[in-house]
Amino acid sequence: LNKVPPIVFIMEFNINDFENVQVNIKDFINFVMPSNKPSIKELTKILYPDVDVFNTKYLYDVLYDMEDNYRTVYITKKNGKKREINVPEKWLDDIQKRIYKYILCDIPVSDCAAAYVKGRSIQNATKEHTGQPILVKLDIKSFFESIDFDSVKDVFVSLGFDKYQAITLANFCCYKGRLPQGTST
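What you see is a predicted model, and the numbers here were worked out from it, not measured in a lab.

(A) Molecular detail of the state of the cysteines. For the structure on display, the rule yields zero disulfides. This cysteine, C174, is not joined by any disulfide, and C173 carries the nearest cysteine sulfur, 6.4 Å off.

(B) Layout of the pattern of salt bridges. Applying the stated rule across the entire model yields three salt bridges. For R98, the salt bridge is made with D94, and the minimal N-O distance between the two is 3.4 Å. One end of the pair, R98, and the other, D94, are both in helix α4 (residues 90-104), four residues apart, so they sit about a helical turn from each other. Here R98 falls in the buried class, since its relative accessible area comes to 15%. Owing to a relative accessible area of 31%, D94 belongs among the partly exposed residues under this scheme. Linking D154 and K153 is a salt bridge whose minimum nitrogen-to-oxygen distance equals 3.4 Å. On the basis of relative accessibility, which here comes to 44%, the residue D154 falls in the partly exposed class.

(C) Summary view of the packing of helix α6 (residues 149-158) against helix α7 (residues 163-173). Relative to each other, α6 and α7 sit at 130°, their axes nearing to 8 Å. When the interaxial angle is binned, α6 and α7 end up oblique. Both α6 and α7 take part in a crossing whose hand is right-handed. Between α6, through F149, V152, K153, F156 and V157, and α7, the contact on the second element is made entirely by A166, I167, L169, A170, N171 and C173. For the contact of α6 with α7, the class distribution of residues is nine nonpolar, one polar and one charged.

(D) Structural context of the packing of aromatic side chains. Enumeration over the complete set of coordinates arrives at three aromatic pairs. Pairing Y70 with Y175 gives two aromatic rings, centres 4.2 Å apart and planes at 35°, and the pair type is tilted. Of this pair, Y70 sits in strand β1 (residues 70-76) while Y175 sits in the segment after α7; the two residues are 105 residues apart in sequence, bridging distant segments of the chain. Comparing Y70 with Y175, the two get one shared label, buried. Relative to F161, the ring of F156 lies with its centre 6.2 Å away and its plane at 80°, an arrangement referred to as edge-to-face. In this pair, the class of F156 matches that of F161, namely buried. Taking NZ or CZ as reference, K163 lies 5.5 Å from the ring centre of Y164, over its face.

Analysis parameters
Residues numbered from 1 in each chain as written. Predicted model: local features only at pLDDT ≥ 70, side-chain atom pairs only at ≥ 80, totals over all residues. Heavy atoms only, no water. Disulfide = S-S within 2.5 Å. Salt bridge = Lys/Arg side-chain N within 4 Å of Asp/Glu carboxyl O. Helix = DSSP H or I, 4+ residues; strand = E, 2+ residues; numbered from the N terminus. Buried < 20%, exposed > 50% of the residue type's maximum accessible area, 1.4 Å probe, protein only. Axes fitted to C-alpha atoms, helices over the stretch in contact; angles between N-to-C directions. Parallel < 35°, antiparallel > 145°, perpendicular 65-115°, else oblique. Left-handed = near helix turned anticlockwise from the far one by under 90°. Contact = heavy atoms within 4.5 Å. Nonpolar A, V, L, I, M, F, W, Y, C, P; charged D, E, K, R; others polar. Phe/Tyr/Trp six-rings, centres within 6.5 Å; stacked < 30°, edge-to-face > 60°. Lys NZ or Arg CZ within 6 Å of the ring centre and 35° of its normal.

Any link to function would need more than the numbers given here.
Spelled out as structure tokens, the structure:
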């Protein structure tokens, strides 16, 4: 009962209109986000500019099985505690790398940021503070897990994607309703 669905839909409807109706999730997704919807086709052109003809069904097939598209591994931190890493399977990793390459990597980042920025490191971040009498090191507990689906979706909306594109992109980036640690996005 507490399990977060792998795909999140935002809809409003009167439940009385749907009495005694059983809906297959694939049929439901095709109804809400049909593969012939222009916004989804535009999204595939953004993620796959190197492919002349792309079957959007591939993206939906990955979305249908999001629970099966990750494997969980644990690494031991310096303090001996375990850190959970959710590693995407090859096909999802490819989509996430394309989201990063064609959408996320060009977003401007603060000059103060050092983590997860190409060409920057912890050495860059500490250089300014060398010789100071006090240096405070902070770590945000469960940082990635604190970023929820809606926050990820809102990033894509702020970049100009329509609601359907943003929901689709957020579903590719999130696992169990959160941004997982261990992915390229």
